[in-house]
Amino acid sequence: MAAETAAEKVRRSGMPYSFPPMNSRERRLLHLVTRSLEGVETASSGEGPDRFLVVYPEGKTDLPVAPQVKPRGFGDRDRDRGRGRRR
């Protein structure tokens, strides 16, 4: 459903849609689902854990796109500050 919703947004706006970073299995599933939808194509971008999938208007994979912000869990805030987990 996420792929279909993103494809519809891309077809209406003519602008690419980027998903948040995800693992390779999730990206592959979105690539496969989107392949059957008309008027759009997909590509992966980024490196390692920051790799994300972009849905482009068909034939326009050269359009610039920025990744969405990766969601953080509750415990991530303290680790980002270098303090480790609070007790």
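Refer to the preceding data block for the structure.
Bear in mind that the values here come from a model prediction, so they are computed numbers and not experimental data.

A. Structural view of the overall build of the chain. Along the backbone of the chain there are three helices and three strands. Shown N-terminal to C-terminal, the secondary structure of the chain runs as helices and strands in the order α-β-α-β-β-α. The burial tally for the chain puts 24% of its 87 residues in the buried class. Look at the contacts in the chain between residues 6 or more apart in sequence, and 50% of them connect residues 24 or more apart.

B. Quick peek at the side chain of Ser18. Within the fold, Ser18 resides in strand β1 (residues 17-18). Excluding its chain neighbours within four sequence positions, the residues that come into contact with Ser18 are Phe52, Leu53, Val54, Val65, Ala66, Pro67 and Gln68.

C. Seen up close, the nonpolar core. Core analysis: the largest hydrophobic core is formed by 11 residues, namely Ala3, Ala6, Ala7, Val10, Phe19, Met22, Leu30, Leu37, Val40, Leu53 and Val55. Of all the secondary-structure elements, those providing two or more residues to this core are α1 (2-13) and β3 (52-57). The element best represented in this core is α1, accounting for four residues. If we ignore the near neighbours within four places in the chain, the residues touching Phe19 are Ala2, Ala3, Ala6, Leu30, Phe52, Leu53, Val55 and Gln68.

D. Broad picture of the packing of aromatic side chains. Following the criterion strictly, the structure yields one aromatic pair and no others. Note on Tyr17 and Phe19: the rings are 5.0 Å apart at their centroids and 85° apart in plane angle, and the pair reads as edge-to-face. Look at Tyr17 and you get partly exposed, because its relative accessible area is 23%. Note on Phe19: relative accessible area 7%, which makes it buried.

Thresholds, definitions, all that
Residues numbered from 1 in each chain as written. Predicted model: local features only at pLDDT ≥ 70, side-chain atom pairs only at ≥ 80, totals over all residues. Heavy atoms only, no water. Helix = DSSP H or I, 4+ residues; strand = E, 2+ residues; numbered from the N terminus. Buried < 20%, exposed > 50% of the residue type's maximum accessible area, 1.4 Å probe, protein only. Contact = heavy atoms within 4.5 Å. Core = buried A, V, L, I, M, F, W, Y, C linked by side-chain atoms within 4.5 Å. Phe/Tyr/Trp six-rings, centres within 6.5 Å; stacked < 30°, edge-to-face > 60°.

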